[in-house]
Amino acid sequence: TKRPGGKKNASKELVRKLKQAKQPREVSRLLEDHQGIVDVFVVSAAVSQLRRFGKPHEALDIFERAKARGLEPDVVVYNALISACEKGGQWEKALAIFNELQQRGLEPTVITY
C-alpha cells in the first residue's frame, strides 16, 4: 500500500539527491533509478545540475525524454534548459527552446532573458 503523498515525498527526496549530485553520471543514475517520477521539480533539478556540470546535451536529452513521457514543462524548466544551453555555448538551441516556450503560450520571466 502506498502512503498518501508518497509520490510527492519521493519527488522531493529525488530533487534533494539531484541537487547533491557530484557528477553528471550520478544525475543520470538517479533518474534511471526513479523512472516513475517525472515532474517539473525533478526535471528542473536535473537540468540545473547538468548546467552546473556544463552538459547541455545531457540536459536536452533529459528534457526531451521527460516530454515524451508526458511532462508539461513550465517556465522554470525552460529557464533551466535555456541556461544550460547558454552555459554550454549552444546559443541556437537556447533560442529554439525560447521559441518553444513562447509557442506553448508560456510567459518568459526576467530570468528567461
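Rules of the game
Residues numbered from 1 in each chain as written. Predicted model: local features only at pLDDT ≥ 70, side-chain atom pairs only at ≥ 80, totals over all residues. Heavy atoms only, no water. Phe/Tyr/Trp six-rings, centres within 6.5 Å; stacked < 30°, edge-to-face > 60°. Helix = DSSP H or I, 4+ residues; strand = E, 2+ residues; numbered from the N terminus. Buried < 20%, exposed > 50% of the residue type's maximum accessible area, 1.4 Å probe, protein only. Contact = heavy atoms within 4.5 Å.

### Regarding the packing of aromatic side chains
Tallied over the entire structure, the rule returns one aromatic pair. Look at phenylalanine 63 and tyrosine 78: their rings are 5.4 Å apart centre to centre, the planes differ by 65°, and that puts the pair in the edge-to-face class. With phenylalanine 63 in helix 4 (residues 56-68) and tyrosine 78 in helix 5 (residues 75-87), this pair connects stretches of sequence that are 15 residues apart. The buried category is assigned to phenylalanine 63, whose relative accessible area is 1%. On the basis of relative accessible area, tyrosine 78 is assigned to the buried category, the value being 0%.

### A look at the side chain of serine 11
Summarising the element assignment, serine 11 is placed in helix 1 (residues 6-20). Apart from residues lying up to four places away in sequence, serine 11 is in contact with Ile37, Asp39, Phe41 and Val42.

### Looking at the environment of lysine 55
One can find lysine 55 in the loop between helix 3 (40-52) and helix 4. When its relative accessible area of 31% is taken as the criterion, lysine 55 is described as partly exposed. The spatial distance from the C-alpha of lysine 55 to the C-alpha of asparagine 9 is 28 Å, given a sequence separation of 46 residues. In this view, lysine 55 contacts Pro24 and Leu50; residues no more than four positions away in its chain are not counted.

Function-wise, these values are silent; they only describe arrangement.
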